[in-house]
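# Tertiary structure, described
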Amino acid sequence: MCSSDLHGDVIAKATDGWRIDRLLQRLSDLVRTRRATLAERGVSSVADWRTREPAAAPADIVLLVDGATVLTEQDERLDRFLALVRDGLAAGVTVCLAARENELRSRLTNSFEHRLVLRLTDAMAGGAFGLPSRATTADFPPGRGIWVADGSQVQAPVVGTDPAGQHDVVVAVVDLLREAYRDVPPVSADVIRVDALPTSVGLSGLLNGGNGPRRVLLDPANRSPARPSRSEERRVGKECRS
């Protein structure tokens, strides 16, 4: 929704498959490292750690996913995402997914304990989110939904006076906050960046002063950098470490 979120370190589009995979891998590695640290410190979660040592505990991370199709198109990507949902909370990583009823799989739905069902386009599709067969939100006003855990109705706040103009209002608020806090340093060293790969790199950048890998893979169909195979990635990785 926003080109640059207030505290967002990575914003990847659905078409940036490689960046999405790299981000999920980086988050998986971070969760693994944090869980090991939690075990060493004898605490069960980052929240518990923060209660005991507020200054030492790492910052919380929120992963927001708009649309489930990009996850379900690859089984390996879906497995990695579900592992983050399962293991991330204790490590301070909260995962939020917004999806339409026709995008969901049972594996995805059942992995989320907390579910809010807003207005559906198909009155009979509530079961995909865990709603009872007779429950529907098709006639709900904007922001109204059902909290699946207890079946209660809830109302999400509507920013401004025009429900249809939420996008512009939220972007404007984010822009104001970004400007107000532009000079405020990050509160944590756990900053993850997965920048987009450049479409062209100069010779000096490839050589990198004589350090780093010098292997470049090109897609002959469109003459743009191509994603390496797993065997190629492993081989380049060994070259970098040698």
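For clarity, every value in this text was computed on a predicted model and none was experimentally measured.

Helices and strands together make up the secondary structure of the protein chain, namely 8 helices and 7 strands. Across the 242 residues in the protein chain, those meeting the buried criterion constitute 26%. When the accessible surface of the protein chain is summed, it comes to about 16200 Å², and 53% of that surface belongs to carbon and sulfur atoms.

All right, on to the nonpolar core then. Buried together is how nonpolar side chains tend to be arranged in soluble globular proteins. The biggest cluster of nonpolar side chains holds 23 residues, and the ones touching the most others in it are Leu 63, Phe 81, Leu 84, Val 95 and Leu 108. Broken down by secondary-structure element, the contributors of at least two residues to this core are helix 1 (17-41), strand 1 (61-66), helix 3 (69-72), helix 4 (75-87) and strand 2 (93-98). A per-element tally of this core places helix 1 first, with 6 residues. Among residues more than four places away in sequence, those in contact with Leu 108 are Ala 68, Thr 72, Leu 78, Phe 81, Leu 82 and Leu 97. In this structure, Leu 120, Phe 129, Phe 140 and Ile 146 belong to the second largest nonpolar core, which totals 7 residues.

In this structure the tally under the stated criterion is 1 aromatic pair. Taken together, a centroid distance of 6.3 Å and an interplanar angle of 40 degrees make the contact between Phe 81 and Phe 112 tilted. Linking Phe 81 in helix 4 with Phe 112 in the loop between helix 5 (106-111) and strand 3 (116-117), this pair joins segments that are 31 residues apart in sequence. Judged by relative accessible area, which is 0%, Phe 81 ranks as buried.

Here the focus is helix 1. If you check helix 1, its first and last C-alpha atoms are 36 Å apart, about what 25 residues at 1.5 Å a residue would give, namely 36 Å. All of the buried residues in helix 1 are Gly 17, Arg 19, Ile 20, Asp 21, Leu 23, Leu 24, Leu 27, Ser 28, Leu 30, Val 31, Arg 34 and Leu 38. On its buried side, helix 1 packs onto helix 2 (46-52), strand 1, helix 3, helix 4 and strand 2. Immediately beyond the C-terminal end of helix 1, within one or two residues, lies Gly 42, with a positive phi of roughly 75 degrees.

The subject of this paragraph is the sheet that holds strand 5 (residues 152-155). One open sheet holds the 3 strands; their spatial order is 3-4-5, and the pairing between them is antiparallel. In this open sheet, the two edge strands, each paired with only one partner strand, are strand 3 and strand 5. In terms of strand pairing, strand 4 (residues 144-147) meets strand 5 through 4 bridges, oriented antiparallel. Directly across from Ile 146, in strand 5, lies its bridge partner Gln 153.

To continue, consider the confidence of the model for the protein chain. Averaged over every residue, the pLDDT of the protein chain is 78; the share at 70 or more is 73%. Note that residues 1-6 has pLDDT below 50 and, in this model, 16 contacts with residues that lie over four places away or in other chains.

Okay, the packing of helix 1 against helix 4 next. Helix 4 packs onto helix 1 with a crossing angle of 35 degrees between their chain directions and a minimal axis gap of 10 Å. Note that helix 1 runs across helix 4; the crossing there is left-handed. Counted together, Gly 17, Ile 20, Asp 21, Leu 24, Gln 25, Leu 27, Ser 28, Val 31 and Arg 35 of helix 1 and Arg 77, Arg 80, Phe 81, Leu 84 and Asp 87 of helix 4 form the full contact between these two elements. Among the residues forming the contact of helix 1 with helix 4, the class breakdown is 6 nonpolar, 3 polar and 5 charged.

As for its position among the elements, Thr 137 is in the loop between strand 3 and strand 4. A polar contact is formed between the side chain of Thr 137 and the backbone nitrogen of Leu 120, at a distance of 3.1 Å.

Analysis parameters
- Residues numbered from 1 in each chain as written.
- Predicted model: local features only at pLDDT ≥ 70, side-chain atom pairs only at ≥ 80, totals over all residues.
- Heavy atoms only, no water.
- Helix = DSSP H or I, 4+ residues; strand = E, 2+ residues; numbered from the N terminus.
- Buried < 20%, exposed > 50% of the residue type's maximum accessible area, 1.4 Å probe, protein only.
- Areas by Shrake-Rupley, 256 points an atom, 1.4 Å probe, with all protein chains shown as cover.
- Core = buried A, V, L, I, M, F, W, Y, C linked by side-chain atoms within 4.5 Å.
- Contact = heavy atoms within 4.5 Å.
- Phe/Tyr/Trp six-rings, centres within 6.5 Å; stacked < 30°, edge-to-face > 60°.
- Expected span 1.5 Å × (residues − 1).
- Pairing = 2+ DSSP bridges.
- pLDDT = per-residue confidence, 0-100.
- Axes fitted to C-alpha atoms, helices over the stretch in contact; angles between N-to-C directions.
- Left-handed = near helix turned anticlockwise from the far one by under 90°.
- Nonpolar A, V, L, I, M, F, W, Y, C, P; charged D, E, K, R; others polar.
- Polar contact = N/O pair within 3.5 Å; in protein donor to acceptor, adjacent residues only side chain to side chain.

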